[in-house]
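Notes for the structure review
Take a look at the letters that make up each chain.
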Amino acid sequence: MTEDHRPREPVTLKPDRKKSAGDVVLIVDESIAGAYLDINSETGVYSGLANPATEAPIHNFGLAAAITNCSVGANLLLRYGGTRDNYRNTIRSKPAIWTFAKAAQFETIYIDAQRTGGAYQNLMDDTERAWIDQWDQFDNVAVLRRDHAVAEQLAEYLNDGRQQFILVNKVGAHFPVSDKFPKSHARYYPMLKRKNLDVTEAPADELDGRQSNWVLYRNSYRNTLLWNVGGFFDRLFAKAHIGEATVIYTSDHGQTFHERGEYGEATHCTPNPQIEEGVVPLVLIGGPKLQQARWSKAAQRNHDKLSNYRVFPTLLYAMGYSKADIEREYGFDLFSAEPDPFTFNVNFNARLGSNPIWKHIPLEKIAHPPSSDILK
Ligand SMILES: [Zn+2]
């Protein structure tokens, strides 16, 4: 009752550069702990991104701070943009990323592996839906195979010669992780007992909070990454011609697996989170040829230093909007040398007079995957 319910504002910015001919893609993975991938840790799991089977350049921004440690807020901000100071206004009254894409003459495509039957996820609504030209869900594909179906579908769009903005919502590695990989990818042992579950998320891993249980969980999680991240990118790169497309890969939030030995049953979305809940991977794949030198420099300079608050401005820039216009409303992009506070929001739904709470992530304290988990 205290909130503003006016209709959303239209796009008032105008693209002012000649944009590159490629697609613009945002792949939002689910529950991927940044430090558990081989691009960010020596003990990390194969991601398909370290020595990729593609000619497309890979610019790794290393570990990044998530928007917040819960799916809904993180995804919402990735779709509506906003800075740490103004996000409460942008998510309420500013246009969605699709609207900007349409205004820049992109076809808009949503590939959602998490829901079926047209169901909305992460606070999407009819108004937002109306801006999406092509809506892909996988009603008849088992959860186990959905991320691979995404790779095939995305490759088709990348290869079709039409200019599109594509947002991908992956299955990724949300709990339960006992059955999110096929037998062929059960490479890390000992792991959780298989249960033949076919669900994207459910409180079904029977975590008992003890370290003996976390060892099993972490190994099932590793196997899941091997299939839903490594296997995903292998399949995508085998089928897709990335060309001039700009593809950003990240996760909504990170995960804590209680690597410091602390008791507990939660992995993310807790009111008093461990720093790892806010640590995600951040990678740029491809990009226009003319921008390659800038991308390399930016990824080097900003390695382990940025946050997902930089993603939305980067997408707008790739669509041809001007840097000055973008910065005024949405802040700095991934190219920018401006320092980022490296914090995530642990009170995203700040309402009724409460304020966001920013948790800083000391880089040297981030837990990396313990190799003592793994039976050789
Ligand atoms: Zn999530």
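Every residue gets a number counted from 1 within its own chain, in the order that chain's sequence is written. This being a predicted model, a pLDDT of at least 70 is required before a residue's local features are given, and a value of 80 or more before pairs of side-chain atoms are given or counted; all residues contribute to the totals for chains, interfaces and linings. Values shown for side chains rest on all heavy atoms present in the structure; no hydrogens or waters enter the calculation.

**What about helix 8 (residues 311-318)?**
Stated precisely, the cut-off is as follows: Categorising residues by exposure relies on relative accessible area from a 1.4 Å probe, with only protein chains included: less than 20% of the type maximum marks a residue as buried, more than 50% marks it as exposed, and the intermediate range marks it as partly exposed. Note on conventions: DSSP H or I runs of at least 4 residues are helices, E runs of at least 2 residues are strands, and numbering of each starts at the N terminus.
In terms of burial, helix 8 is largely enclosed, as 8 of its 8 residues are buried. Those residues of helix 8 not exposed but buried are Val311, Phe312, Pro313, Thr314, Leu315, Leu316, Tyr317 and Ala318. Two residues or fewer past helix 8, Gly320 is found with a positive phi of approximately 105°.

**Some points on the coordination of the zinc ion**
Put simply, a metal with four donors set out as a tetrahedron has ideal angles of 109.5 degrees, and one with six donors set out as an octahedron has ideal angles of 90 or 180 degrees. The condition that has to hold: Note that water is not among the atoms used; donors are N, O and S atoms within 2.8 Å of the metal (3.2 Å for Na, K and Ca), so sites may look incomplete. When four donors show all angles between 85 and 135 degrees the site is tetrahedral, when four or six donors have opposite pairs over 155 degrees and all other angles between 65 and 115 it is square planar or octahedral respectively, and in every other case it is irregular.
Around the zinc ion, the protein contributes the donor atoms Glu30 (OE), Ser71 (OG), Asp252 (OD) and His253 (NE2), at 1.9 to 2.0 Å from the metal centre. Geometry at the zinc ion is tetrahedral, judged from the 4 donor atoms that bind it and their angles of 102 to 125° at the metal. Along the chain, the residues donating to the zinc ion are arranged with the sequence spacing E-x40-S-x180-D-H. Of this pair, Ser71 sits in helix 1 (residues 71-80) while Asp252 sits in the loop between strand 6 (246-251) and strand 7 (279-286), placing them 181 residues apart in sequence. Residue classification places Asp252 among the buried positions, given a relative accessible area of 0%.

**Quick notes on the sheet that holds strand 7**
Short version of the rule: Whether two strands pair comes down to DSSP finding at least two bridges between them. Axis definition: a line fit to C-alpha positions, over the contact stretch in the case of helices; interaxial angles, taken between N-to-C directions, run 0 to 180 degrees. By the convention used here, residues are in contact when the closest approach between their heavy atoms is within 4.5 Å.
Here 7 strands make up an open sheet; going across it, the order is 2-7-6-1-5-3-4 and the pairing mixed. Taken across any chain shown, the strands that pair with only one partner, and hence form the sheet edges, are strand 2 (58-65) and strand 4 (134-136). Along the sheet, successive strands turn relative to each other by an average axial angle of 10°, direction set aside. Relative to strand 7, strand 6 is paired through 5 bridges, and the arrangement is antiparallel. By the bridge assignment for strand 7, Val247 is matched with Ile285. Relative to strand 1 (residues 24-29), helix 8 is tilted by about 160°, and along the sheet it contacts strand 1, strand 5 (164-169), strand 6 and strand 7.

**Considerations on the pattern of salt bridges**
Selection criterion: When a carboxyl oxygen of Asp or Glu lies within 4 Å of a side-chain nitrogen of Lys or Arg, that pair is called a salt bridge.
As enumerated under the stated definition, the model contains 19 salt bridges in all. Across the pair Asp340 and Arg84 runs a salt bridge whose closest N-O atoms are separated by 3.0 Å. With Asp340 in the loop between helix 9 (323-330) and strand 8 (343-345) and Arg84 in the loop between helix 1 and helix 2 (87-93), this pair connects stretches of sequence that are 256 residues apart. Side by side, Asp340 and Arg84 carry an identical accessibility label, which is buried. With a closest N to O distance of 2.9 Å, Asp147 and Lys170 form a salt bridge. Taken together, the residues span a long stretch of sequence, with Asp147 in helix 5 (residues 143-159) and Lys170 in the loop between strand 5 and helix 6 (211-239) at a distance of 23 residues. We classify Asp147 as buried; its relative accessible area is 0%.

**Details of the pairing of strand 5**
When you tally the buried positions in strand 5, you get 6 out of 6 residues, the bulk of the element. Neither face of strand 5 is exposed, since Gln164, Ile166 and Val168 on one face and Phe165, Leu167 and Asn169 on the opposite face are all buried. As paired strands, strand 1 and strand 5 are joined by 5 bridges and run parallel to one another. Each residue of the ladder has a partner; that of Ile27, found in strand 5, is Val168. Summarising the sheet, strand 3 (residues 107-112) and strand 5 pair through 6 bridges and their orientation is parallel. Each bridged residue has a counterpart across the sheet, and for Ile109 the counterpart in strand 5 is Ile166.

**Side note on empty space enclosed by the protein**
Inclusion rule: Within this scheme a cavity is a closed region of a 1 Å grid, computed over the protein atoms alone, that accommodates a 1.4 Å probe without allowing it to escape, whereas a pocket is open but has protein on both sides within 12 Å along at least five of seven lines; lining residues each have an atom within 4 Å of a point. Grid points are joined across faces, edges and corners, and a volume is the space filled by probe spheres set on the points. All amino acids are sorted into three groups, where Ala, Val, Leu, Ile, Met, Phe, Trp, Tyr, Cys and Pro are nonpolar, Asp, Glu, Lys and Arg are charged, and the leftover types, Gly among them, are polar.
Inspection of every chain in the model, using the stated rule, returns 3 cavities of 30 Å³ or more. Taken as a whole, the largest cavity spans an internal volume of roughly 60 Å³. Lining of the largest cavity is provided by Val28, Asn75, Leu78, Arg79, Tyr110, Gln121, Asn122, Met124, Leu167, Val168 and Asn169. Residue assignment for the lining of the largest cavity shows that the elements contributing at least two residues are helix 1 and strand 5. A class-by-class count of the residues in the lining of the largest cavity yields 6 nonpolar, 4 polar and 1 charged.

**A look at unusual backbone geometry**
Residues apart from glycine generally show negative phi values, whereas peptide bonds are mostly found in trans. Residues Phe175 and Pro176 are joined by a peptide bond in cis, for which omega reads 5°. With respect to the element layout, Pro176 can be found in the loop between strand 5 and helix 6. The amide bond that connects Tyr189 to the next residue, Pro190, takes the cis arrangement and shows omega of -10°. Looking at the secondary structure, you find Pro190 in the loop between strand 5 and helix 6. For Ser31, which is not glycine, the phi torsion reads 60° and is therefore positive. Residue placement: Ser31 occurs in the loop between strand 1 and strand 2. The exposure class of Ser31 is buried, given its relative accessible area of 0%. The backbone of Asp304 sits at a positive phi, close to 60°, despite the residue not being glycine. Position of Asp304 among the secondary structure elements: in the loop between helix 7 (292-301) and helix 8.

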